[in-house]
Each structure stands twice: as structure tokens, then as C-alpha cells.
Amino acid sequence: MTRERRLSWINGLLLPFLNVLTAFIATAIVFILIGVDPIEATKILIYGALGYDEGLGYTLYYATNFVFTGLAVAVAFHAGLFNIGGEGQAYVGGLGTAIVALYLNPALSAWIVIPLAISGGLLFGALWAIIPAYLQAYRGSHIVITTIMFNFLASALMVYVLVNVLREVGEMSPESADFIKASWLPFVHDVFASFGYKIAKSPLNLSILVALFFSGLVWFFLWHTRWGYAIRAVGKSNDAAVYGGINPKKIIIVTMCISGALAGLVGINELMGVQHRLFLNFNYGYGFGGIAVALMGRNHPVGILIAAFLFGILYQGGAELDFELQNVSRDIVVVMQGLVILFCGGLEYLYRPILIRFLAPIEATE
Amino acid sequence: MTESNIAIELINVDKHFGAVHANDKVNLSVQTGTIHGIVGENGAGKSTLMSILYGFYQADSGQIKVFNKDFRAISSKQSIEAGIGMVHQHFMLVDNFTVLENVVLGSEGGALISESLANARIELTRLAKEYGLEVDLDVAIEDLSVGMQQRVEILKGLYKGAKVLILDEPTGVLTPQESDELFRIFEALKKQGVTIILITHKLREIMSITDNVSVMRAGKMVAHRETSKTNPEELAELMIGRKVLLNIKKSKAKSGSPALIAKNLEIMNEQGLKRVSDVSFEARSGEILGIAGVTGNGQGTLLKALAGILPISKGSIEIMGETITSNNTLNPEQLRNLGVAHVPEDRQRMGMISEFTASETALLGYHNDKTINQGVWLKRASVKANCESMMEAFDVRPSNPNLMSSNFSGGNQQKLILAREFERDPDLLIIGQPTRGVDIGAIEFIRKRIIEMRDAGKAIILISVELEEIMSLSDRIVVMCDGEITGTVNGSDADEATLGMMMANALESEDSLKGAKV
């Protein structure tokens, strides 16, 4: 194996694996500190997430959201932009979906309504990202700061819209009316049932296919089109991109729109797939989780699918832990998530020098 | 020579970087109070060797003695304590600190800085007098010329007690006159017993200033010579292991019609500072127009404007019938479509993307080209084939399109960039520093290709800080200083002294301490 190949294996697989492992070891230490047997906890977590139909359904349902937000962060990252605003873009994207799904003529076919509702999510997510993108490209305001602020703005906007505009007369809680039936994405258990297979009910719905579709699309777009080339060029070297006739300002705008649009798809899963109405904080935590997913998945769609699945396991398994164990609350998931970000993001290259040193004698003999 | 006369001794120093054998059992002994030159091609291992001496890297094996004491540096701290000072190619100075503050940096002493500053002032005044290194201690670094900044670096080393000074390519950023000044300082330092190790690839400097010279090639120390008993031809041959032809023979230019006419150009750089003013010239087909000047006198800004990267604020450029003004700009892609190729000055940052594969770097600027796109699809196979044919035409090694651009040597990176720009059959070539950081073998190759393009009737604008390069390639030379053209000469009439004077135009008219703002 050449040195080249070996380094790409180290960077691509071995490092992320070791980083995740370290995060889990750190989590185990946290468990011990709060008086929980980590092995017992792992068993509960794994069984809860993967051990039975319903658990697996929940895991994949959570994973779907993480795929969308993970892709969103990754696309921006390839242009050198750190989009922290997935949370807000997902939230406002949900509004776009809701507007279509609430006000279209209920008699229309699902084949028309569903694509339109998805487009609504894409469009509103993109719109919510375009202002920070403009400020970054033409005014020099840092995208990290502006996207964080836009998360708060999204929060406030959605409360206003839900309380004052979409809330039904006589209804106390801030949520919209039910979406028209044609916009409902079928549950996977219903689809299976129609083919005669019976599986347990779970919120898993066909938006997981949408997630897979967009993963493929992002892969194709980034590595097999001239636009993807331009985006990656800007991300790797602004000067070289300018030299190559690429306008980084335009790339920032376009990339952030794509990024926001992908985040805006969270509403497909949560709203069209499960709840069939718009409500407060349906996006909660997925935008930030997407950052960890993208970091762990090394900004590659395949890595993101794997990382999103892992995060699905953590979410669903964490819920089971909360249920089964007395002194564990669901917040343990946030702790794990934080540790994954720490070790996959902040300490990305922690083991690299050791690995390189370990490999040096092997290389010397070649 | 007696034992005690040796300042630095390296015995069988060996260093691997992964599979690369950067230093292969290197032996070197440098006598106290001499100027010792180390020459070698890029990648020969000179910088690695000096970095080991300065504590940036540790040798895998071998022994180092400094003033006859065993020495092993794990950081630059030990090296400084042992009396070794280093002046890097890129200065390690804080731009908005004064000279005094920069010198004290890293040895501030207590919590309060005023006392150490006062002590430093006394000590520096003494040093400056002793070695003829006068610098105004209270001027901010950013207001000093490059030559002056270099003095500060040397002072910094001496202040920290350096008895051995290592200088890495110190004249790369200096005018010939400034270089001479530097060499005078070397002589003064030598008289006071300071040992100087000069790393360079300019044989002229080795010949004129050093006492001894060591030659490195491919990680090995291949020869030690007394400078007075060798000559540049022998050194060049030792460096690359075969005879080289540095002065390339070329026929007389057959100048055709003007391909580019620049009229009264005024250009601001990225920071909005005026770097080029009232510059006019024309480049004709079948001719190489050389633009000479010390780095940072506006040539780089001019180059970027000609390539469409920077807008012009006054004047006009006529290219292939199009007129570019401050209102009517063309971007780099539009210029490429007109037949303008651009080899940028900064290969690493602009000419390529180090984290892209070679085939992707070979695409830079041409990613919208019809031959490699089909609908939305960027045809990977065509991209690869494209890169393979470039690699063959320009002898890029290793000829692997999937290798990361950063893993090629400087010479091969440059060949790939030239291939990309030359192979599209442009009418006008704008070439910046074609052979900077490129090994001698590749220099010969690149210069021949440039002449071939000229002979094929292309118009070529060449910007280089290497006077020797400008003189050996150009048919006409314009010299820039402080953003203005200070002279025009025919290639055949040019000599180094005249060009040097033109390049230093501003140095003479201004206060020499503050110098030309660079």
C-alpha cells in the first residue's frame, strides 16, 4: 500500500473510528460518575435502538432528520462556510412546508401536493439562509455569528406566526390546523402493511427515501458537476478560485441557499411524515445535531448516513435509558452528542501523530 | 584547523519524513568566524538540515556538536541558548510592533515590560554600532523596507546571543544594492567572530561572499569546497549531478502586432492601496516582455489586473480588440476565453489547490469547458485523460492524476500549471515567477518551453524577481519601482547594474532608513 493510500485510510476511517470510540469511553466515565453501570446502560441503549421493530423505526426516523441537517452543514462546509443556522433554517423550512400543506386545494392529488410541499420546505430554508449569506459575501459579517442570530430570529418569528397567524380560533396551544390529507407522507409500517407485511407502528415514514435521494444528489453535485467543483475550489482556496474565474461571493450565496434548503427538509419528516400540523420547536436540536453528524461523517454523504444512523441510535436509545434507569435523564444524549463533537470536531487529529509514528517503522521497511 | 575552531559539526545526521529520506547521513563542519554557504536544489534537504539545527525537527540518528559540545535541540529554545540564531526566508516579525518590541519579544523578562525595553535599548544601540546595523528602534516594522526588516531579524538573533547565524535565502526579497549592503553586514559580523551559514540557490552569492561551500543533492552532502577553489559551473553540476545550460540560447524575436496595450494604468491592491500608477506598455506577439523589479513594487498587482483578478481604477488595457477600463471589466474566465493564459506568481495559493488531486488542479479555470462537461455532468474520465496528456507533454512526475497536488515537488507542480495554461493554445501568456522554488533541472525545461511559445508567435509578459531570468528570457525589459515604470531597455542591451539602479529608483530619492515601502 502506498503512503498516500495509507494516509487516506487513516484520515477517512481509522481516525473517525478512534474519535467516536474515545467519545464513548468518555461517556462511559460519565455513566460511572453518576452511578450507572456503563455495560448495563449500553445494553439498554442498543436494545432500545435496534432490538425490536418499533425501536429501529424510531432510530431511523430520528436518523432521517440528522441526514438532512448533516448534509446541510456538509455542503456549506465544502465552500468553507460553517453554517450554524441549521436549527433556524429547519424551523422556517417547516413553515414553508406548512403553508403549502395547509392552503392547497384538498382535492388535489398527493402526487402534486407532496412535491410542492417539499419544495416549500426547500424554498423557505434557502430563504432563511440567504440573508446571512448575503451579509457574509458582500458585507463581511461572519456567517457563524449571523446564522446563530438567525436561529433566534427564527424562533421568535415562528412563535409569532403560530400564535397570531396559524393558530386556530378557540385553540389554546400554538399550533396550526391539520395539513390536508394529500400532503401526508405514508408511514413505513402502512406501506409494508399494504404489501402484506406486518411491522410495528413507528413514526418512520417515506421521508427516509427523500433523505437517501438527497444524499445521492449531494454526492453527485459536489463531486461530479462543475458547480460542485467551483464550491469545493472556493472552500479549499479562495485565491485559487478567483484565479480560476470563480466568483466566491456568488458561490457563498448559492451554497448557503443549498445548505438552508437541505436543512429545510426536516419539516418533511417531522410535519408531513408524523405530526401533520405545524407546532412549536418541532426542529429542536436537529440543526445542532447536524453539525456533529457532518463532523463525524467527514462531510461526505456516506459518512453522514452512517453518522446520522449512529445519532438516531443515541436519540432513541437515550430515550429508553431515560425510561429504564432512574438516575439517567434524556439529557445524557446531549452529553454524548457534546462528547462526539469534542472528539470528532475539536480534537479531530488527536491520534494522528501517534498513528503516523506507529506507521513509520513499517514505512521504513518498504 | 584545530578542533576548537569548529562552530558547528554534524556527524551522520539522518532524517526521514515517512518514505522521504530528507537527510541521508549528512556530515558538515563549519569553522568559527567564517561564512559558510550551503547550496542545493529545492528539496535537497538544506532547510530540513537547518531546521534540525534550530530545533524544529529532531534527527533520527547522528550527532551534532555546537562549539565542541554535544547538542540536541528539542525546540528552538535550546538552540538559542547554544548560540544559534536563525533568519527565516519569511520574517518572523510582528508588523505593528516597533523594532524594539520585536527584538524583546520572547525575552521580556518580568511582568512589566518597561525595564526590559530600556535594557534592550542600551544593548541594541551597542550591537548596532558594533556591527554597523543601524535601525531606528521606535519605528513600526510595517513602515520599514524589507532590507531593514531583515536587519531587525539579524539584530534579534544577535541580541539573543547568537554566535552562529543561519540565513535562509536572505536575498530573495532584496534589490541587488540591498543585497550588497547585506553582504557588507556579513563581513562586519565575520570580523567580530560571528559565524554565518548562508543557505541559497544563487551561485553568484556563494562565489562573492562565502569562505567555504557545501553542496547538497537529494538529501546527501555531496561536496565541500573552499570557495576560492571552485567555480559556478562546478557547483551547478554538483547540485544537479549533470551539466546544465542556464543561459538558454534563443534566436532573435520576430515581433508581430501588439497583443496587449496598457495605457496609463492605475491599480489598487486588495487592501485598496495604490500600487501601480501611470503605467503604459505594450506586449507584442512573438516577443517576451520582461517586467523586472523587487518584490512588492507593483508588478504583482499589475499581473493580477492584467489577468482580470483586480480591477483597474484608471487607464485602459486593450486585449484582442477588447478594451478594459474601470467601468468595463473582464473576469478571469472571460479573459481565458479571449485567449489569455495566466501563470500566477503564487503557485501554492493561486495556481493550484493543494488539497485537490492533480486532475482537479489541472481543471482550475477551465471547469466550464465544453470538452469535459456533458449537461450537468463533469466527465471524470475526460478530466483524467486531460490531465494525463498534460503530464506527458510537460514531463510531470509522478504522472498520477489522482495524487494530491500538494504531494508533487515544486517543479512538478509548476510544470502542471504551465501545461494547463500552455496546452490551450493561448495568444497571450501572462507568466509570474515561472521558476520560483523550482529545481534547476525544471528551470531549464520551463525556460525552454517559454521560448518555444514565443517562437510559436505568442505574446508573453514575464514577471520575475530573478534578474538573471528576466535578462536571459526577455526581448524587452521594463523595470518597475514603487508602482511606476522606471526604465525600459532592450533585452540584449540589459546589464545587471543598470537594471539594479532602475529597480532601486525610489531608494535613492527617499530617506534611506525608511526606504521604499514594500
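Residues numbered from 1 in each chain as written. Chains lettered and ligands numbered in written order. Predicted model: local features only at pLDDT ≥ 70, side-chain atom pairs only at ≥ 80, totals over all residues.

For the overall build of chain A, give the residues involved together with the corresponding values.
Counting secondary structure elements, chain A contains 16 helices and zero strands. For 366 residues, the compact-globule estimate of 2.2 N^0.38 gives 21 Å, and chain A sits close to it at 22 Å. For chain A, the spread of C-alpha atoms along the three principal axes comes to 75 × 55 × 40 Å. Here chain A holds 366 residues, and the buried ones make up 49% of them. (Helix = DSSP H or I, 4+ residues; strand = E, 2+ residues; numbered from the N terminus. Rg over C-alpha atoms; globule rule 2.2 N^0.38 Å. Buried ≥ 20, exposed ≤ 12 C-beta atoms within 10 Å, placed from the backbone.)

If you had to explain the sheet that holds strand S21 (residues 476-481) of chain B to someone new, which residues and values would you point to?
Residue and element names in this part refer to chain B. Read from one edge of the open sheet, six strands run S16-S19-S20-S13-S21-S22, paired in mixed fashion. Sheet topology places strand S16 (340-343) and strand S22 (484-490) at the edges, where each strand pairs with a single neighbour. Pairwise comparison of adjacent strand axes, ignoring direction, gives a mean angle of 15° for this sheet. Where S16 meets strand S19 (residues 428-432), four bridges bridge the pair, whose relative direction is parallel. In the strand pairing of S19, Val-340 is matched with Leu-428. Each of S16 and S19 touches helix H14 (residues 410-422); the most contacted strand, S16, lies at about 175° to it. Helix H17 (residues 496-503) contacts strand S13 (287-292), S21 and S22 of the sheet and is inclined by roughly 35° relative to S21. (Pairing = 2+ DSSP bridges. Axes fitted to C-alpha atoms, helices over the stretch in contact; angles between N-to-C directions. Contact = placed C-beta atoms within 7 Å.)

I'd like a description of the domain arrangement of chain B, backed by residues and values.
All names here are of chain B. If you check the domain split of chain B, you get domain 1 (3-240), domain 2 (249-339 + 428-518) and domain 3 (347-425). In this structure, domain 2 and domain 3 have C-alpha centres spaced 25 Å apart. Every contact between the two is made by eleven residues of domain 2 and, on the other side, nine residues of domain 3. Looking at the side of domain 2 that touches domain 3, the elements with two or more residues in it are helix H10 (332-338) and helix H15 (440-455). With five residues, the single largest contributor to the side of domain 2 that touches domain 3 is H15. Residue composition of the side of domain 2 that touches domain 3, by class: seven nonpolar, one polar and three charged. (Domains from an automatic or database assignment. Nonpolar A, V, L, I, M, F, W, Y, C, P; charged D, E, K, R; others polar.)

I'd like a description of unusual backbone geometry, backed by residues and values.
Cis rather than trans, the peptide bond between Arg-397 of chain B and Pro-398 of chain B has omega equal to -10°. With respect to the helices and strands, the residue Pro-398 of chain B is situated in the loop between helix H13 (380-393) and H14. A positive phi angle, near 60°, is found at His-276 of chain A, a position not held by glycine. Here His-276 of chain A is to be found in the loop between helix H12 (266-275) and helix H13 (286-296). Overall, His-276 of chain A belongs to the partly exposed group, with 18 C-beta atoms counted inside 10 Å. One non-glycine residue, Glu-169 of chain B, adopts positive backbone phi at about 45°. Tracing the backbone through its elements, the reader meets Glu-169 of chain B in the loop between strand S7 (164-168) and helix H6 (176-191). Using a count of 19 C-beta atoms within 10 Å as the deciding quantity, one classes Glu-169 of chain B as partly exposed.

Describe the packing of helix H3 (residues 53-78) of chain A against helix H14 (residues 301-324) of chain A, naming the residues involved and giving the relevant values.
Residue and element names in this part refer to chain A. H14 packs onto H3 with a crossing angle of 135° between their chain directions and a minimal axis gap of 7 Å. Regarding the angle of H3 to H14, the classification is oblique. Between H3 and H14 lies a crossing of right-handed hand. On H14, the residues touching Gly-55, Tyr-58, Thr-59, Leu-60, Tyr-62, Ala-63, Phe-66, Val-67, Gly-70, Leu-71 and Ala-74 of H3 are Pro-301, Ile-304, Leu-305, Ala-307, Ala-308, Phe-309, Phe-311, Gly-312, Ile-313, Tyr-315 and Gln-316. Taken together, the residues that form the contact of H3 with H14 break down as 17 nonpolar, five polar and no charged. (Parallel < 35°, antiparallel > 145°, perpendicular 65-115°, else oblique. Left-handed = near helix turned anticlockwise from the far one by under 90°.)

Would you mind going over the environment of Ser-179 of chain B in detail, with residue names and values included?
All names here are of chain B. Within the secondary structure, Ser-179 sits in helix H6. Along the chain, Ser-179 and Ile-291 lie 112 residues apart, while their C-alpha atoms are 20 Å from each other. If we ignore the near neighbours within four places in the chain, the residues touching Ser-179 are Thr-171 and Leu-174.

Lay out the packing of helix H2 (residues 38-50) of chain A against H3 of chain A in plain terms, naming residues and giving numbers.
Residue and element names in this part refer to chain A. Across the interface, H2 lies against H3 with an axial gap of 5 Å and an inter-helix angle of 85°. The orientation of H2 with respect to H3, classified from their angle, is roughly perpendicular. Counting all contacts with H2, which are made through Gly-48, Ala-49 and Leu-50, the residues of H3 involved are Gly-55, Leu-56 and Thr-59.

How would you sum up the interface of chain B and chain A? Please name residues and give values.
With 27 residues of chain B in contact, the opposing surface of chain A contributes 20 residues. Going through the elements one at a time, H10, helix H11 (347-351) and strand S18 (377-378) of chain B are the ones with two or more residues in the side of chain B that touches chain A. Among the elements that take part in the side of chain B that touches chain A, H10 of chain B stands out by supplying three residues, more than any other. Residues that form the side of chain B that touches chain A fall into these classes: 14 nonpolar, eight polar and five charged.

For the sheet that holds strand S12 (residues 274-284) of chain B, give the residues involved together with the corresponding values.
Residues and elements named next belong to chain B. The sheet built from four strands is open, its strands ordered S12-S11-S14-S15 with antiparallel pairing. Strand pairing shows two members of the sheet lacking a second neighbour, S12 and strand S15 (322-324), which therefore form its edges. Between one strand axis and the next, the sheet turns by 10° as a mean value, whatever way the strands run. Summarising the sheet, strand S14 (residues 312-319) and S15 pair through three bridges and their orientation is antiparallel. If you follow Ile-319 over to S15, its bridge partner there is Glu-322.

Describe the confidence of the model for chain B, with residues and values.
Parts of the prediction with low pLDDT should not have their coordinates interpreted in detail. Looking at chain B, pLDDT values average 86 and 94% of them are 70 or higher. Here the prediction assigns the complex a pTM of 0.79, and the interface score ipTM is 0.84. (pLDDT = per-residue confidence, 0-100.)

So what's going on with the pairing of S7 of chain B? Which residues, and what values?
All names here are of chain B. For S7, the buried fraction is high: five of the five residues fall into the buried class. Across the two faces of S7 the burial is the same, with Val-164, Ile-166 and Asp-168 and Leu-165 and Leu-167 all buried. Judged from the five bridges that link them, S7 and strand S8 (residues 195-200) form a sheet pairing that is parallel. Across the sheet, residue Asp-168 finds its bridge partner in S8, namely Ile-199. In this view, the connection linking S7 to its parallel neighbour S8 by way of H6 has right-handed handedness. (Right-handed = clockwise from strand over helix to strand, strands pointing away.)

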